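In case you want the letters, here they are:
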Amino acid sequence: MTYEIPLSVFEDRFRKIREYLKTHDMNALMVFESLNLTYASGFIDDTRNPAERPIVCVVPLDAEPFMVLCELSTNHALYEVQKGTCAVKDTRFYTEHPRQVDRTYLVLQWADMVSAILDEKKCLHGKIGVDMRSAAISPELVAKLPQTTLVDASELLREMRLIKCKEELDLIRKCGPISDVGQEILMSEIQPEKSQLEIGVDATKAMQREAAEKYPDGAIEIRAMVMGSGPVFSPMPHTTRGVGRKVEKGDSLIDITGVRLNAYGVENERTFIVGKPTEKQARIFNVMVEAQQKAFEAEKPGNKLSDVDAAAQKVIEDAGYGEYIMHRTFHGMGLGGHEYPYYTPFMDRKIEPGMVLSCEPGIYIRGFGGFRHSDTVIVTEKGPERVTKFPRDLESLIVKA
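These notes cover the structure that comes with them. This structure is a prediction, so every number in the text was calculated from the model and none was measured.

Across its full length, the protein chain holds 11 helices and 15 strands. Over its C-alpha trace the protein chain gives a radius of gyration of 23 Å, about what one expects of a compact globule, namely 21 Å for 401 residues. Referenced to the eigenvectors of the C-alpha coordinate spread, the extents of the protein chain come out at roughly 70 × 45 × 40 Å. Put simply, the protein chain has 401 residues, and 54% of those count as buried.

As structure tokens, this is what we get:
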């Protein structure tokens, strides 16, 4: 069973991009953003710092696509082309330092290089779409394109990325079971007097072992960690404070196990209670679980995106904890851990099959504790499908202490 996206998928993406270019009278689409570049080309950007090492993938209307990358990516890019996982064969590299032989453009001449290739591909003197606000484009590059108008075409790739193809969904489904293995191991690591930072080491190893065995030459990223424990830090959804704190009996504790395969992945979060929960802990935990279930049920085709947030919010507000909601119920997922749609509580856009969404309402009470599960959900024709399946009920998530 394959776990690579075939080149035919990228050819279809090129076709859609060119249809857009033709409709909007553009000569090319320039893709600068790292994840958009991966989506358009299949190459997983390995430098990830465009301010230091600029990158671009260009899809011309009437010429072969090309990329300009840093020389640091040379072996990686050539590997991906040879392997058949990068659809852009015309890839050129600038250097970070002067050479005595095989001289080419330096990083300081990146704009000259890109403009020269655009001219070679007959893309200049007209309109070129870009995947970000024109104001964010390198001034050096803009200066090299005096007779070319750069037009914000960011909505094109945003919309294309929103609905996943079956190959993308297959990668996401493959990540779910590995993240569940991580949750099982991580739970066994939770012990009173153990520092938060230590928890997740065994889970990470177990997930790495499983992923390596199943997908030996895949691009894999693994993480397993506690994001907050106890009355002070568990109500802070994204803090890196308190990681040296030792777990105590009576804590609520929020964790995450994440897996990415060939750039696509899942988010899997659970709230654990260390020892017998108090009546208040149990009540709030169960409210959170009910809110997540209602949100999950609302993540179905035909509903509005805002319906999902409303469903979770009603449960929490009806239980008297509305003031402790600190974030939206869900966001889009795919190449990005967080990607469009972002402003989901306010969006009347309809949910469609092929969307991938998180499902994570939270309750955060300062000085008492935080409570949040997060699952990765694929929207199908039949309804929402949970990809992360580790138990969510209170009894299953009580750590003996």
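There's more to say after this.
Between helix 1 (residues 7–23) and helix 6 (residues 154–162), whose axes approach to 11 Å, the crossing angle comes to 145°. Helix 6 is crossed by helix 1, and the crossing has right-handed handedness. On the side of helix 1, the interface is formed by Arg13, Lys16, Ile17 and Tyr20, while helix 6 contributes Glu155, Leu156, Leu157 and Met160.

Here we take up the nonpolar core. In terms of nonpolar packing, the biggest core is built from 94 residues, with Ile17, Leu29, Met67, Ile190, Phe272, Phe285 and Ile363 touching the most fellow members. In terms of residue count, the dominant contributor to this core is helix 10 (residues 279–298) (10 residues). Setting aside residues up to four positions removed in sequence, Ile190 forms contacts with Ile199, Val247, Leu253, Phe272, Val274 and Val399. Counting 23 residues, the second-largest nonpolar core is a separate cluster that includes Ala28, Phe32, Val68 and Leu124.

This brings us to the sheet that holds strand 15 (residues 398–399). Overall, mixed pairing links the 4 strands, which are arranged 7-8-9-15 in an open sheet. Both edges of this open sheet fall to strand 7 (220–229) and strand 15, since each of them pairs with a single strand only. Direction of pairing for strand 7 relative to strand 8 (residues 252–261): antiparallel, over a ladder of 9 bridges. Opposite Glu221, over in strand 8, you have Arg260 as the bridge partner.

The strands making up a sheet are joined through hydrogen bonds of the backbone, oriented either antiparallel or parallel. The strand order across the open sheet formed by 3 strands is 10-13-14, and the pairing between neighbours is antiparallel. The open sheet has two free edges, formed respectively by strand 10 (356–359) and strand 14 (383–386), since each of these has just one partner strand. Averaged over all pairs of adjacent strands, the angle between strand axes in this sheet comes to 40°, irrespective of strand direction. Where strand 10 meets strand 13 (residues 375–380), 4 bridges bridge the pair, whose relative direction is antiparallel. When the bridges of strand 13 are listed, Ser358 appears paired with Thr376. The strands touched by helix 7 (residues 166–189) within the sheet are strand 10, strand 13 and strand 14, with strand 13 carrying the most contacts at an inclination of about 145°.

Rules behind the numbers
- Residues numbered from 1 in each chain as written.
- Predicted model: local features only at pLDDT ≥ 70, side-chain atom pairs only at ≥ 80, totals over all residues.
- Heavy atoms only, no water.
- Helix = DSSP H or I, 4+ residues; strand = E, 2+ residues; numbered from the N terminus.
- Rg over C-alpha atoms; globule rule 2.2 N^0.38 Å.
- Buried < 20%, exposed > 50% of the residue type's maximum accessible area, 1.4 Å probe, protein only.
- Axes fitted to C-alpha atoms, helices over the stretch in contact; angles between N-to-C directions.
- Left-handed = near helix turned anticlockwise from the far one by under 90°.
- Contact = heavy atoms within 4.5 Å.
- Core = buried A, V, L, I, M, F, W, Y, C linked by side-chain atoms within 4.5 Å.
- Pairing = 2+ DSSP bridges.

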